[in-house]
Amino acid sequence: MNYINVLEITSSEVKLLTGYFFENNIYVLNACESSEAHLECSKVVDEEKLIKVINELVKNNSEKLNIPIEEIYLGLNPRHLVVFKATDSDFNNNTNGRVSINSAANLTTKVARQGKQKYPDLDLISVSTDYYLINGCKYDFFPTDYEKSADSIYCEATCEMTDKDYINTFKNLLSKCQVRLVGTFSLLTCATRFIQSCDVNLKNYLYLDLNKCESSVAAVYHGQIINSSVFSFGTNDVIKALMDKYNISFERASDLLYTFGLQNNPGFDYQTEEGLTLQEINDTISETYKYLFSSISSFLSVTNQKNECGQLIVISGPESSIINLDSLISHFFKTKLLTFNPRNFGARNPRYTNLLSMIFYQAKIYVSKGDRPIDLTITRTGDIATEFGKKFIDEKL
């Protein structure tokens, strides 16, 4: 097995996690973070400081684990994400007649080419395969241990694209660090695919990733993201509201938010040192969150299948654990709510959910190009495999 290094750069900190995926479990070897550098409204402002922090985190994990960290995967959360479906097929060219990971890599490369042809002004974040068809059998993940011969392989995939300048900014940033960028992932896609693997019956819902400076939302229909957005609202806005209303410091406002959260008054007389009741703190926090809820409602109103997606909300992220925040969200939207905190060994804090999702995505869905270069000049495509796939879909799905 190989260890995987995943990096997340947010508007409040930089996080790095080293771990591996084994027997359907995620094992975390080490995770570290730094708030000395961060993005500003999803943009790189202080490149020099970010490079320094990334190098320090890489060095920290490398020294603690006594292993070289040379390659890294980066999670992206663009404000403008374009998602579209694509299908393709390959005849099998292996001399032994068996499909291989290189066959799957050929397919994802061809699907990526479709994306670039369809949206020439955008750049590709990643390609995630939804399923494969091999010898008439459907596989959610590529069967790396497949031992049978097959004439062809067919797949349906999801392409995620965004602004070229956005992606190039991060590629340029990582090119100046002491580590090599080998792949980029959409954080929302990683999380929603991980959720689906945990509960295959969870098809339609609204996913919320709650952070200090930003909140991301994705409408998921039949397991696929059909709309997404990023809002410039996080718990720092709630802290600022507490500071302004009660004339207290940032540190004290943070303490009130994370200690008391959204609690009602207890059955006895209690006030903070500022003379505040828990209900007063609750009311201020609740009122501030209405801005985010209003934005989410507007997002949902223009989303296709809004009725299906709005029947369930799944929340996650470092700020999802505020006391009774889940109840506030559920009450406001009048819907059921689940909290996604994936099972793993080594990092149960919800602040690492995105990084854990990236580990899962890299191990189970992402198809690298294998040990040899992919030569698309020998790839033959035709109507046989494509029609076979369509026929299978019509008859079986």
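Residues numbered from 1 in each chain as written. Predicted model: local features only at pLDDT ≥ 70, side-chain atom pairs only at ≥ 80, totals over all residues. Heavy atoms only, no water.

## A look at the layout of surface pockets
Quantified by volume, the second largest pocket comes out at close to 610 Å³. Of all the secondary structure elements, the ones that give two or more residues to the lining of the second largest pocket are β3 (25-34), β6 (122-134), α4 (187-198) and α10 (353-364). Counting residues per element, the lining of the second largest pocket draws most heavily on α4, at 5 residues. Residue classes in the lining of the second largest pocket are distributed as 9 nonpolar, 6 polar and 9 charged. (1 Å grid on protein atoms, 1.4 Å probe; cavity = no way out; pocket = protein on both sides within 12 Å on 5 of 7 lines; lining within 4 Å. Points joined across faces, edges and corners; volume = space filled by probe spheres on them. Helix = DSSP H or I, 4+ residues; strand = E, 2+ residues; numbered from the N terminus. Nonpolar A, V, L, I, M, F, W, Y, C, P; charged D, E, K, R; others polar.)

## A few points about the nonpolar core
Formed by 36 residues in total, the largest nonpolar core has its most connected members in Y289 and I329. Looking at this core, the elements that each hand over two or more residues are β10 (205-210), β11 (215-221), α5 (235-246), α6 (250-260), α7 (278-301), β13 (312-316) and α9 (325-333). Ranked by residues supplied to this core, first place goes to α7 with 9 residues. Beyond its immediate stretch of four places on either side in the chain, I329 contacts L208, L210, F293, I313, I315 and L337. Core analysis: the next-biggest nonpolar cluster, separate from the first, contains 32 residues, I4, L188, L202 and A218 among them. (Core = buried A, V, L, I, M, F, W, Y, C linked by side-chain atoms within 4.5 Å. Buried < 20%, exposed > 50% of the residue type's maximum accessible area, 1.4 Å probe, protein only. Contact = heavy atoms within 4.5 Å.)

## Things to note about the sheet that holds strand β12 (residues 224-231)
Hydrogen bonds along the backbone pair up the strands of a sheet, which may run parallel or antiparallel. Spatial ordering of the open sheet is given by β12-β11-β10-β13-β14, a layout of 5 strands whose pairing is mixed. Single-partner strands in this sheet number two, and they are β12 and β14 (336-339). Put simply, the sheet's adjacent strands are angled 20 degrees from each other on average, direction ignored. Here 4 bridges tie β13 to β14, and the two strands are oriented parallel to one another. The residue of β14 that forms the bridge with I313 is L337. Across the sheet, α9 is in contact with β10, β13 and β14; its angle to β13 comes to roughly 155 degrees. (Pairing = 2+ DSSP bridges. Axes fitted to C-alpha atoms, helices over the stretch in contact; angles between N-to-C directions.)

## Concerning empty space enclosed by the protein
Under the counting rule described, the total for this entry stands at 3 cavities of 30 Å³ or more. Taken together, 21 residues form the lining of the largest cavity, with I9, T10, S11, N77 and E214 sitting closest to its centre. Of all the secondary structure elements, the ones that give two or more residues to the lining of the largest cavity are β1 (4-9), β4 (71-76) and α3 (164-175). For the lining of the largest cavity, the element with the highest residue contribution is β4, accounting for 3 residues. Of the residues in the lining of the largest cavity, the class split is 8 nonpolar, 9 polar and 4 charged. Here the second largest cavity is characterised by a volume of approximately 60 Å³.

## Quick notes on the confidence of the model for the protein chain
Averaged over the protein chain, the pLDDT score is 85; the fraction of residues at 70 or greater is 88%. Considering only residues more than four positions removed or in separate chains, one finds that residues 369-397, a stretch of pLDDT under 50, has 49 contacts. (pLDDT = per-residue confidence, 0-100.)

## Looking at the sheet that holds β3
Judged by pairing direction, the sheet is mixed, and its 5 strands sit side by side in the order β3-β2-β1-β4-β9 without closing on themselves. Of all strands in the sheet, those bounded by a partner on one side alone are β3 and β9 (180-186). Recorded for the sheet is a direction-independent mean angle of 25 degrees between the axes of neighbouring strands.

## Remarks on a positive patch on the surface
Positive charge collects at one region of the surface, where R113, K116, K164 and K171 lie side by side. Of all the secondary structure elements, the ones that give two or more residues to the positive patch are α2 (101-118) and α3. Checked against the element boundaries, R113 lands in helix α2. Exposure remark for R113: the relative accessible area of 44% places this residue in the partly exposed category. (Patch = residues over 30% accessible without salt bridge, like charges linked within 9 Å, V, L, I, M, F, W, Y side chains within 5 Å. Areas by Shrake-Rupley, 256 points an atom, 1.4 Å probe, with all protein chains shown as cover. Salt bridge = Lys/Arg side-chain N within 4 Å of Asp/Glu carboxyl O. Lys, Arg positive; Asp, Glu negative; His and termini not counted. Charge placed at Lys NZ, Arg CZ, Asp CG, Glu CD.)

## Some remarks on the packing of aromatic side chains
Centre distance and the angle of the planes are the two values used to describe a pair of aromatic rings. Enumeration according to the criterion identifies 16 aromatic pairs in this entry. Ring geometry for Y20 against Y27: centres 5.1 Å apart, planes inclined by 10 degrees, an arrangement best described as stacked. With a centroid separation of 6.1 Å and an interplanar angle of 65 degrees, the aromatic rings of F21 and F360 are classed as edge-to-face. Of the two residues, F21 sits in strand β2 (residues 14-22) while F360 sits in helix α10, which places them 339 residues apart along the sequence. Judged by its relative accessible area of 17%, F21 falls in the buried class. (Phe/Tyr/Trp six-rings, centres within 6.5 Å; stacked < 30°, edge-to-face > 60°.)

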